[in-house]
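# Architecture and fold: a report
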Amino acid sequence: MEPRKIVAIEELRRLLEPVRSAGKRIVFTNGCFDLLHVGHVRCLSRARALGDLLVVGLNSDGSVAKIKGSGRPLVPQAERAEVLAALGFVDYVVVFEEETPRELIAAIKPDVLVKGGDWKVEEVVGRDLVEARGGKVVIVPFEGGHSTTDLVARIRRLPLAER
């Protein structure tokens, strides 16, 4: 039976202790993942390839609403977490309430922090925490033409009969 992948922060910290003790590399990335698309999947796959275990921080519904505005998220956090956990290369999913994952990064101490190519290294939240521990920040190539915002806009342009 596969272990439970959607975990609370305290459980995640406990689960990561033996991984870290074994000298394995913990990779972390985060996002809203409101409508999972190929850009997300490629970013997550590339992130997992950078280490031995991938932890995905998922913005809570309240956090997404603060960041993206009214009408978001489109998909509730429990469902977004379940979809991420179904991906074979995702080891753990943890939901966080804050607008940024800084506290989560401080708590789990990843070796590698990954963001998509729409970020500049100096803008990555938690970069200082990871680098101070000898870890690194990696920006994976941006998948142009793949964004939830663009997808929502395309759906809204469809006539009702085609939705």
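Before reading on, note that the structure itself is shown above.
Residues numbered from 1 in each chain as written. Predicted model: local features only at pLDDT ≥ 70, side-chain atom pairs only at ≥ 80, totals over all residues. Heavy atoms only, no water.

With respect to the element layout, I105 can be found in helix α5 (residues 102-108). Between the C-alpha atom of I105 and that of K115, which follows or precedes it by ten residues, the distance is 13 Å. I105 has contacts with F28, P110, L113, V125, G126, L129 and V130, leaving out every residue within four places of it along the chain. (Helix = DSSP H or I, 4+ residues; strand = E, 2+ residues; numbered from the N terminus. Contact = heavy atoms within 4.5 Å.)

Turning next to the pairing of strand β2 (residues 53-59). By the criterion of burial, β2 is predominantly enclosed, with seven of the seven residues buried. Alternating positions in β2 separate into two faces, L53, V55, G57 and N59 on one and L54, V56 and L58 on the other, with burial throughout. Relative to β2, strand β1 (residues 26-31) runs parallel, the two being bridged by six bridges. Counted as the bridge partner of F28 is V55 from β2. (Buried < 20%, exposed > 50% of the residue type's maximum accessible area, 1.4 Å probe, protein only. Pairing = 2+ DSSP bridges.)

This paragraph deals with the environment of K115. Here K115 lies in strand β4 (residues 112-116). Overall, K115 belongs to the buried group, its relative accessible area being 10%. Considering only alpha carbons, one finds K115 and P159, 44 residues apart in sequence, at a separation of 35 Å. There is a polar contact of 3.3 Å between the side chain of K115 and the backbone oxygen of N30. (Polar contact = N/O pair within 3.5 Å; in protein donor to acceptor, adjacent residues only side chain to side chain.)

What follows deals with helix α1 (residues 9-21). The terminal C-alpha atoms of α1 lie 18 Å apart, and with 13 residues this matches the ideal 18 Å at 1.5 Å per residue to within 8%. Taken together, the buried positions of α1 are L12, L16 and V19. Looking at the buried positions of α1, the neighbouring elements they touch are β1, β2, β3 (92-96) and α5. Phi turns positive, to about 80°, at G23, one or two residues after α1. (Expected span 1.5 Å × (residues − 1).)

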